[in-house]
2 protein chains.
Amino acid sequence: MSSEEPLQNPPSEENPEKKLSKKELAKLERQRKRQEAAAAASAAAGVSGVTLETEDPLAANYGDVPLNDLQSKEISGKKWTEVKDLTNELKDQVVLIRGRAQAIRAVGKKMAFLVVRERGFTVQCVLTVAQDVVSPQMVKFATSLSRESIVDIEGVISVPTQPITGASQQVEIQVRKLYCVNKAVPALPINIEDAARSDLEIEKALQAGEQLVRVNQDTRLNFRVLDMRTPANQAIFRIQCQVENIFRQFLLSEGFVGIHTPKLIAGSSEGGSAVFRFDYKGTPACLAQSPQLHKQMSICGDFGRVFEVGPVFRAEDSFTHRHLCEFTGLDVEMEIKEHYSEVMDIVDRLFVTMFDSLNEKCSKELEAINRQYPFEKLKYLRKTLRLTFEEGVQMLKEAGVEIDPLGDLNTESERKLGQLYWRMDVFGGIYHIGMLNCRYGTEFYILHRYPLAVRPFYTMPCHDNPKYSNSFDVFIRGEEIISGAQRVHVPEFLTERAQSLGIDVKTISTYIDSFRYGAPPHGGFGVGLERVVMLFCALNNIRKTSLFPRDPQRITP
Amino acid sequence: MSSEEPLQNPPSEENPEKKLSKKELAKLERQRKRQEAAAAASAAAGVSGVTLETEDPLAANYGDVPLNDLQSKEISGKKWTEVKDLTNELKDQVVLIRGRAQAIRAVGKKMAFLVVRERGFTVQCVLTVAQDVVSPQMVKFATSLSRESIVDIEGVISVPTQPITGASQQVEIQVRKLYCVNKAVPALPINIEDAARSDLEIEKALQAGEQLVRVNQDTRLNFRVLDMRTPANQAIFRIQCQVENIFRQFLLSEGFVGIHTPKLIAGSSEGGSAVFRFDYKGTPACLAQSPQLHKQMSICGDFGRVFEVGPVFRAEDSFTHRHLCEFTGLDVEMEIKEHYSEVMDIVDRLFVTMFDSLNEKCSKELEAINRQYPFEKLKYLRKTLRLTFEEGVQMLKEAGVEIDPLGDLNTESERKLGQLYWRMDVFGGIYHIGMLNCRYGTEFYILHRYPLAVRPFYTMPCHDNPKYSNSFDVFIRGEEIISGAQRVHVPEFLTERAQSLGIDVKTISTYIDSFRYGAPPHGGFGVGLERVVMLFCALNNIRKTSLFPRDPQRITP
């Protein structure tokens, strides 16, 4: 196996001392490097290097890798193994890994334990002083490493008889070589163990009289580069990637085309409210609040069925657990042949496929999240429950909540109140989950035929009652996650609808004009990627599912 | 086959005239609808409806569909066929299609031809007056349709003995029913035939004494919703989708994680130059010029290998064929074990896989583009050619172009001149294509080890010569398309590099700090999605591969 070769580079061919044997040359070279590294380490303020009390014949087996060796000096052809792949099938084999020194523990002067982590997976590495392999100086070097430093380790895989509790992998590495590739500062602002701890663990410890550190959300975000390294966060963002991937693959298999629409918009998208404004070469402009207009234009442009994955910008002052100023929108728009249920059919099959796939392919990731943030698996039906808004009213009535479904929704102020009331208090929240979950055994369902007054001007009214609309919202665990509808595709009627809501038609003329050249009936929906992940995993804050969240109080890091 | 049912809705169950037979009821209902539609059409200013001179017993077989019928009135279960699927296997079958009336031609009063287009595919539809099927009034209705209107057509597939030249599908539809779903305005700002015409066709016609309309790029973009409908544009954006899809699938199969980094940035990304600035809740902010810093932070955050597909914003005043103010960046960042060639290996295999897949899976789309914009298939090798910058200098020397490879690149002004000279004039352009194409038979190659002075401060210098760097550019057809490099992962050295280039270290402290908690050696690259498509298809302007391009003079539609 090639990984048994020395980890350091052999001397270069330009070496003038040609009389020495290759082995001797290699030794000299290694010594030189170690000395250079030690000198560099001592010079670096605040980081103490290895003290060279006595000459160590095993010096070439450990030390700091000089920068020059990391500047793409050589392609050695060595085989690297990932920590996640370290299993007992590799017993007695020599492996080479790169990872972080997550935890370091000395046992006297002759032994040290090192937990090395790579992409959320950990392995226990053991240094034991032994002639010709590990010197006491090497153990000292190991215990002097700062946590989170990047290390290269070569060693032999052993399989302990007892289960290993402090690492994910159930094998140990008996270390032969240990090099530090890049140091972390000795005092980290947050410790990974602290950031990875569940609330339950903290409470249990407290009951046992021990006060453990709890890292709050803001501190996590301030040092996101460290926070990201916890097993739960490694899992959350791998699941996010999978959600997007299933979204794309499902839609591609259904004949959709992925598009990219501009985020730089003249005027304000959807005609108003909280947008980020800026100057575009002397023209007033803003950031797209949604790809709504352009995805509809793409339907008018004959793409038939389109989707987009891209950032969406909202300058709203909402400071809640579920709002961000920038999030990743998953948007869909499609021709409708006859009925907006064609759009709901896509939603239904897309999300059932997605949930199935996540449960099947991401079990390790879901377990990792569950360990820190325990949650119940999402309940959903093979065929997604669809209720009309009116049926919802009836259900509430039966439950003793009497509501006039339209009476209160006529004026602007009441519209907002009504929307809030309907969406959040009545159909959202615990009450709602309880009701539908008990009756139908699902935490994922579609509510459709919303009152027209609470939907945007471009929403198609119902054919049989203009007070309702061909629209729907989708809920996961009682929170609204998707909004969708059939759109008005006739320019004259679109103008009429906009005017009736007091929208200045001039500001949306580009939009309306794009329907003048023949527009097919169509509809679509939008959903936030971060919300899907948050609600699927029952996390309590959308900041946990955004890599670098932006809210009214945060624009860094 | 369900498509033999009548296209219009049967009367609703609420119909009070219960003594009439179902058939009679249906007839009455159809008449009512047609009359409603005709009245609505007459009322609409500028659009003349069908003149009802005499009562037509076949009136239910054609007409304008009233809006109410398009408001999701009913799910009929009818089977729709896509135009692209109309082949001679369907001979003698009844099909139902929805598309656009692309071209309409009357032959006397008893016959009409209608070319119907759906998503770039076209079929010829024939109306012939025949008792109990097609009336003279129906032919008149057909010929009165405005081009680009959306129509529903039911008819029988026939296979003519002669090849059809005016449509993509080699079958005809013998029309039985024809309904207009949504009208286009009678005078279109550009005609699809004009927009779809090749320059060659225009020149040929000119030689024959005929002046055909040439639609210029700006007009196309002003009416993008129409321009998008040409076969070439339908193909271009389907290829763009495929490029992104291969990019993602290849990287996912190599263990990369797809991420989303913020576009709203405090300060300016990469420390300066042409950014779009705006106010973020009272804080100065800007739009990300690249995901560089955040993708590197994700590597420091243990994701190992990441990619991102997202918008990139450049407020530059470049008004060239290859620059946009907003484009879709395909970005990659990955841990390096030993050498930046690991990154070039990914580039190599990714793009060879991509080109193979495009040639294999998108042949129809490539043909469609070729018809309007003829181009030669891209030449590339199974293993991508890699030349060092120094080898390039040597090649130029042999070709009689003498250049001091470093001498002129020491000061800022010379750096720019040098960069321009090296990248565009010497290695770019026709001269370069000719040279490498002739010698190696490839139009796709990697040039690496660029002078350090022409690369960003975070580029890792070469281990053996600090005047060169561990960086590379990739060229397609002589134009630079990808820039990549190993990054400096040691914070002290990164600070030193920034300072030596006069960058105020305070402005990039978040960036540098993220390397203080242990950063692995890493590298990556970035490429513009629009450029890949443009150069693969040898298109002459990047505005052709951006759905809604943004340049210094354009922020609409």
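Cut-offs used in this document
- Residues numbered from 1 in each chain as written.
- Chains lettered and ligands numbered in written order.
- Predicted model: local features only at pLDDT ≥ 70, side-chain atom pairs only at ≥ 80, totals over all residues.
- Heavy atoms only, no water.
- Disulfide = S-S within 2.5 Å.
- Contact = heavy atoms within 4.5 Å.
- Buried area = accessible area lost by both parts, 1.4 Å probe.
- Salt bridge = Lys/Arg side-chain N within 4 Å of Asp/Glu carboxyl O.
- Polar contact = N/O pair within 3.5 Å; in protein donor to acceptor, adjacent residues only side chain to side chain.
- Helix = DSSP H or I, 4+ residues; strand = E, 2+ residues; numbered from the N terminus.
- Nonpolar A, V, L, I, M, F, W, Y, C, P; charged D, E, K, R; others polar.
- Least-squares fit on C-alpha atoms with pLDDT ≥ 70 in both.
- Buried < 20%, exposed > 50% of the residue type's maximum accessible area, 1.4 Å probe, protein only.
- Phe/Tyr/Trp six-rings, centres within 6.5 Å; stacked < 30°, edge-to-face > 60°.
- Pairing = 2+ DSSP bridges.
- Axes fitted to C-alpha atoms, helices over the stretch in contact; angles between N-to-C directions.
- Arc of directions from axis to C-beta.
- Domains from an automatic or database assignment.
- Parallel < 35°, antiparallel > 145°, perpendicular 65-115°, else oblique.
- Left-handed = near helix turned anticlockwise from the far one by under 90°.

Engineer: Hey, could you run me through the state of the cysteines in this one?
Structural biologist: Throughout this description, disulfide means a covalent bond between two cysteine sulfur atoms. Applying the stated rule across the entire model yields zero disulfides over all chains. B:Cys537 carries a free sulfur, and the closest cysteine sulfur to it, the one in B:Cys362, is 9.1 Å from it.

Engineer: Explanation requested: the interface of chain B and chain A in the structure shown.
Structural biologist: Interfaces are often described in size by the accessible area the parts lose on coming together. With 114 residues of chain B at the contact, the number on the chain A side is 114 residues. Between chain B and chain A, the buried area comes to about 9,600 Å², and carbon and sulfur atoms account for 58% of it. Contact with chain A buries area across many residues of chain B, yet B:His260, B:Glu338 and B:Tyr517 alone supply 9% of it, more than any other trio. Notably, a salt bridge pairs A:Arg117 with B:Asp302, separated by 2.9 Å at the nearest N-O pair. Linking chain B with chain A are 68 residue pairs in polar contact (both at pLDDT 80 or more). At eleven residues, the largest contribution of residues to the side of chain B that touches chain A is made by helix α7 (residues 231-253) of chain B. Counted by class, the side of chain B that touches chain A contains 54 nonpolar, 30 polar and 30 charged residues.

Engineer: Whenever I open this one, the relation of the copies chain B and chain A confuses me. Can you help?
Structural biologist: Each copy of the sequence occupies a distinct position, and chain B is placed on chain A by a rotation of 180° and an axial shift of 0.0 Å, giving an RMSD of 0.1 Å. As the rotation angle and translation indicate, the two copies are arranged about a two-fold axis. The rotation axis passes nearest to the C-alpha of B:Phe278 in chain B, at a distance of 2.5 Å. Looking at chain B, 100% of its interface residues are interface residues in chain A too, so the copies touch through the same face.

Engineer: Whenever I open this one, the pattern of salt bridges confuses me. Can you help?
Structural biologist: It is possible for side chains bearing opposite charge to pair when their charged atoms get close. One pass over the structure, following the stated rule, counts 78 salt bridges over all chains. Between A:Glu193 and A:Arg147 there is a salt bridge, with the nearest N and O atoms lying 3.5 Å from each other. Remark: A:Arg147 occurs in the loop between α2 (136-143) and β5 (150-158) and A:Glu193 occurs in helix α3 (residues 192-195); sequence separation between them is 46 residues. Judged by its relative accessible area of 33%, A:Arg147 falls in the partly exposed class. A network of salt bridges, in which partner residues are shared, links A:Arg100, A:Arg117, A:Glu148, A:Arg229 and B:Asp302.

Engineer: I would appreciate a short explanation of the packing of aromatic side chains in the present structure.
Structural biologist: For any pair of aromatic rings, geometry is given as the distance between the ring centres together with the angle between the planes. For the structure on display, the rule yields 32 aromatic pairs over all chains. Considering the side-chain rings of B:Phe457 and B:Tyr458, the 5.3 Å spacing of their centres and the 75° angle between planes classify their relative orientation as edge-to-face. Pair check on accessibility: B:Phe457 and B:Tyr458 agree, each one buried. Joined through ring pairs, the aromatic side chains of A:Phe351, A:Phe355, A:Tyr380, A:Phe444 and A:Phe536 make up one cluster.

Engineer: So what exactly am I meant to see when it comes to the sheet that holds strand β13 (residues 385-388) of chain A here?
Structural biologist: By definition, the strands of a sheet pair up through backbone hydrogen bonds, in either a parallel or an antiparallel sense. Residues and elements named next belong to chain A. Taken in spatial order, the eight strands of this open sheet run β7-β11-β12-β17-β16-β15-β14-β13, and their pairing is mixed. In this open sheet, the two edge strands, each paired with only one partner strand, are β7 (257-258) and β13. In the sheet, strand β11 (residues 305-313) pairs with strand β12 (residues 326-335) via nine bridges, with the strands oriented antiparallel. Along β12, the bridge assignment pairs Glu-308 with Asp-331. The sheet contacts of helix α8 (residues 292-300) involve β11, β12 and β17 (522-528), and relative to β12 the element is tilted by about 25°.

Engineer: Explanation requested: helix α10 (residues 363-372) of chain A in the structure shown.
Structural biologist: Given 3.6 residues per turn, any residue in an α-helix points the same way as the ones three and four places further on. Residues and elements named next belong to chain A. Inspection of α10 places Leu-366, Ala-368, Ile-369 and Gln-372 among the buried residues, and these make up the whole buried set. The buried residues of α10 occupy an angular sector of 155° when projected down its axis, which confines them to one face. What points out from α10, more than 90 degrees from its buried face, is the exposed set Lys-364 and Arg-371. Considering only its buried residues, α10 is in contact with α3, α4 (199-207), α5 (217-222), α7 (231-253), α9 (341-361) and α16 (529-536).

Engineer: Help me understand the sheet that holds strand β13 (residues 385-388) of chain B, please; the structure alone is not making it clear to me.
Structural biologist: Residues and elements named next belong to chain B. The strand order across the open sheet formed by eight strands is β7-β11-β12-β17-β16-β15-β14-β13, and the pairing between neighbours is mixed. A single partner strand is all that each edge strand has here, and the edge strands are β7 (257-258) and β13. Along the sheet, helix α8 (residues 292-300) contacts β11 (305-313), β12 (326-335) and β17 (522-528); its crossing angle with β12, the most-contacted strand, is approximately 25°.

Engineer: Quick question: what am I supposed to make of the domain arrangement of chain A here?
Structural biologist: Residues and elements named next belong to chain A. Partitioning chain A into structural domains gives domain 1 (2-182), domain 2 (192-227) and domain 3 (231-545). Facing ten residues of domain 2, the contacting portion of domain 3 comprises nine residues. Of the roughly 680 Å² buried between domain 2 and domain 3, counting both surfaces, carbon and sulfur atoms make up 43%. Taken together, domain 2 and domain 3 are joined by zero salt bridges. At the surface where domain 2 touches domain 3, the tally comes to five residue pairs in polar contact (both at pLDDT 80 or more). Broken down by secondary-structure element, the contributors of at least two residues to the side of domain 2 that touches domain 3 are α5 and α6 (224-227). Sorting elements by how many residues they give to the side of domain 2 that touches domain 3 places α5 first, with three residues. Across the side of domain 2 that touches domain 3, the residue classes break down as three nonpolar, two polar and five charged.

Engineer: Is there a simple way to explain the pairing of β11(B) in this structure?
Structural biologist: Where a strand is regular, its side chains alternate between the two sheet faces. Residue and element names in this part refer to chain B. Among the nine residues that make up β11, nine are buried, leaving the element largely enclosed by the rest of the structure. Sheet topology note: the β7/β11 ladder contains two bridges and is parallel. What sits directly across from Gly-258, in β11, is Phe-307.

Engineer: For this particular structure, what's the right way to read the packing of α7(B) against helix α10 (residues 363-372) of chain B?
Structural biologist: Geometry of a packed helix pair, given as the angle between the helix axes and the separation of the axes. Residues and elements named next belong to chain B. Two elements in contact, α7 and α10, have axes whose closest approach is 8 Å; the angle formed by their N-to-C orientations is 135°. If you check the angle between α7 and α10, you find them oblique. In this structure, α7 meets α10 at a crossing whose hand is left-handed. Here Pro-231, Ala-232, Ala-235, Ile-236, Arg-238 and Ile-239 of α7 lie close against α10, whose contacting residues are Glu-365, Leu-366, Ala-368, Ile-369 and Gln-372. A per-class count over the contact of α7 with α10 returns eight nonpolar, one polar and two charged.

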